[in-house]
Amino acid sequence: MKYILILAITALFFAGNLQAYVGPGAGVGVIGAIVGVLLAVLMAILGIFWYPIKRMFKKDKGEKSLESEEQNEQQEAKPDQEEK
């Protein structure tokens, strides 16, 4: 393994100019692959953190709705008491 690594590094230092054409399609493919990987990582992070965040907001909403229901019940009870 060490021998192959040394050979590869040596070959890189002594490489001359290569006559090869890389068309624009390869560049678009590389950009597309990079964007795809970045979006996959972003979606994975979003997927991991979305449920706890959603649960947190739902919990806050649930507490607010309970408080508003209690207030509504109290307001509805007051006119009943006044009628008696």
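These numbers were taken from a predicted model, which means no experiment stands behind them.

Asker: Describe the overall build of the chain, with residues and values.
Answerer: Each helix and strand in the chain was counted, giving two helices and zero strands. Looking at the chain as a whole, 0% of its 84 residues qualify as buried. Within the structure as shown, the chain displays about 8,400 Å² of accessible surface, and the carbon and sulfur contribution to it stands at 68%.

Asker: Could you give an account of a nonpolar patch on the surface, with specific residues and numbers?
Answerer: Residues V37, V41, I45, I48, F49, I53, M56 and F57 make up a contiguous nonpolar surface patch of about 790 Å² in total accessible area. By secondary structure assignment, the location of I53 is in helix α2 (residues 24–83). By relative accessible area, I53 is classed as partly exposed at 36%.

Asker: Can you break down helix α1 (residues 2–13) residue by residue, with the values?
Answerer: Since the α-helix advances by 3.6 residues per turn, residues separated by three or four positions end up pointing in the same direction. Taking 1.5 Å as the rise per residue, α1 with 12 residues should run 16 Å; its terminal C-alpha atoms sit 17 Å apart, in good agreement. The element α1 is barely covered by neighbouring structure, given that only zero of its 12 residues are classed as buried.

Rules and cut-offs
Residues numbered from 1 in each chain as written. Predicted model: local features only at pLDDT ≥ 70, side-chain atom pairs only at ≥ 80, totals over all residues. Heavy atoms only, no water. Helix = DSSP H or I, 4+ residues; strand = E, 2+ residues; numbered from the N terminus. Buried < 20%, exposed > 50% of the residue type's maximum accessible area, 1.4 Å probe, protein only. Areas by Shrake-Rupley, 256 points an atom, 1.4 Å probe, with all protein chains shown as cover. Patch = residues over 30% accessible without salt bridge, like charges linked within 9 Å, V, L, I, M, F, W, Y side chains within 5 Å. Salt bridge = Lys/Arg side-chain N within 4 Å of Asp/Glu carboxyl O. Expected span 1.5 Å × (residues − 1).

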